[in-house]
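# A closer look at the structure
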Amino acid sequence: MPGHVELSNEEAFGPVVMIDTFNDYDALVDKINSSAFGLQVGIFSNNINNIWKVFENVEVGGVIQNDVPSRRVDHMPYGGVKDSGFGRE
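Summary of the structure given here. Quick caveat: nothing in here was measured; it's all calculated off a predicted structure.

## Observations concerning the environment of Asn33
- For Asn33, the position within the fold is in helix H1 (residues 25–33).
- Judged by its relative accessible area of 18%, Asn33 is buried.
- Put simply, Asn33 and Glu59 are 26 residues apart on the chain and 5.7 Å apart in space, counted from C-alpha to C-alpha.
- Those residues in contact with Asn33 that sit more than four places away from it in its chain are Asn57, Val58, Glu59 and Lys82.
- A polar side-chain atom of Asn33 sits 2.7 Å from the main-chain amide nitrogen of Glu59.

Set out below in structure tokens:
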């Protein structure tokens, strides 16, 4: 994976986008799960098997596929795991 960016290990609230490229989905899942935080993760891929691998194995409150978190419906469950929160709204 590319060079280390300190912000990628923090939970930033604001207009921040972190983009990381990868070829190994197992390494990607390990990197995501190594974080102390687990609010949401977004994955862009045209391979449904890789999307499911991430969805089933990451330790986060929500997974967004091929989209951005620009819409919120109040009755949708929302929450995080680890240091990102406890339970659901």
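## Some points on H1
- Within H1, the full set of buried residues consists of Tyr25, Leu28, Val29, Ile32 and Asn33. Down the axis, H1 shows its buried residues gathered within 125° of arc, on one side only.
- Where H1 is buried, its residues touch strand S2 (40–43), helix H2 (48–57) and strand S4 (81–82).
- A side-chain oxygen of the first residue of H1 lies 2.9 Å from the backbone nitrogen of Asp26; this N-cap is Asp24.

## Quick notes on the packing of aromatic side chains
- A full pass over the atoms with the stated rule returns two aromatic pairs.
- Geometrically, the ring pair formed by Phe22 and Tyr25 is edge-to-face, given 5.0 Å between the ring centres and 90° between the ring planes.
- For the ring pair Trp52 and Phe55, a centre distance of 5.2 Å and an interplane angle of 90° mean the geometry is edge-to-face. With Trp52 and Phe55 both in helix H2 and three residues apart, this pair spans about one turn of that helix.

## Notes on the pairing of strand S3 (residues 62–65)
- Burial along S3 is one-sided: the face carrying Gly62 and Ile64 is buried and the face carrying Val63 and Gln65 is not.
- Judged from the four bridges that link them, S2 and S3 form a sheet pairing that is parallel. Note on S3: the bridge partner recorded for Val41 is Val63.
- The parallel pair S2 and S3 is bridged by H2, and the resulting crossover is right-handed.

About the criteria used
Residues numbered from 1 in each chain as written. Predicted model: local features only at pLDDT ≥ 70, side-chain atom pairs only at ≥ 80, totals over all residues. Heavy atoms only, no water. Helix = DSSP H or I, 4+ residues; strand = E, 2+ residues; numbered from the N terminus. Buried < 20%, exposed > 50% of the residue type's maximum accessible area, 1.4 Å probe, protein only. Contact = heavy atoms within 4.5 Å. Polar contact = N/O pair within 3.5 Å; in protein donor to acceptor, adjacent residues only side chain to side chain. Arc of directions from axis to C-beta. Phe/Tyr/Trp six-rings, centres within 6.5 Å; stacked < 30°, edge-to-face > 60°. Pairing = 2+ DSSP bridges. Right-handed = clockwise from strand over helix to strand, strands pointing away.

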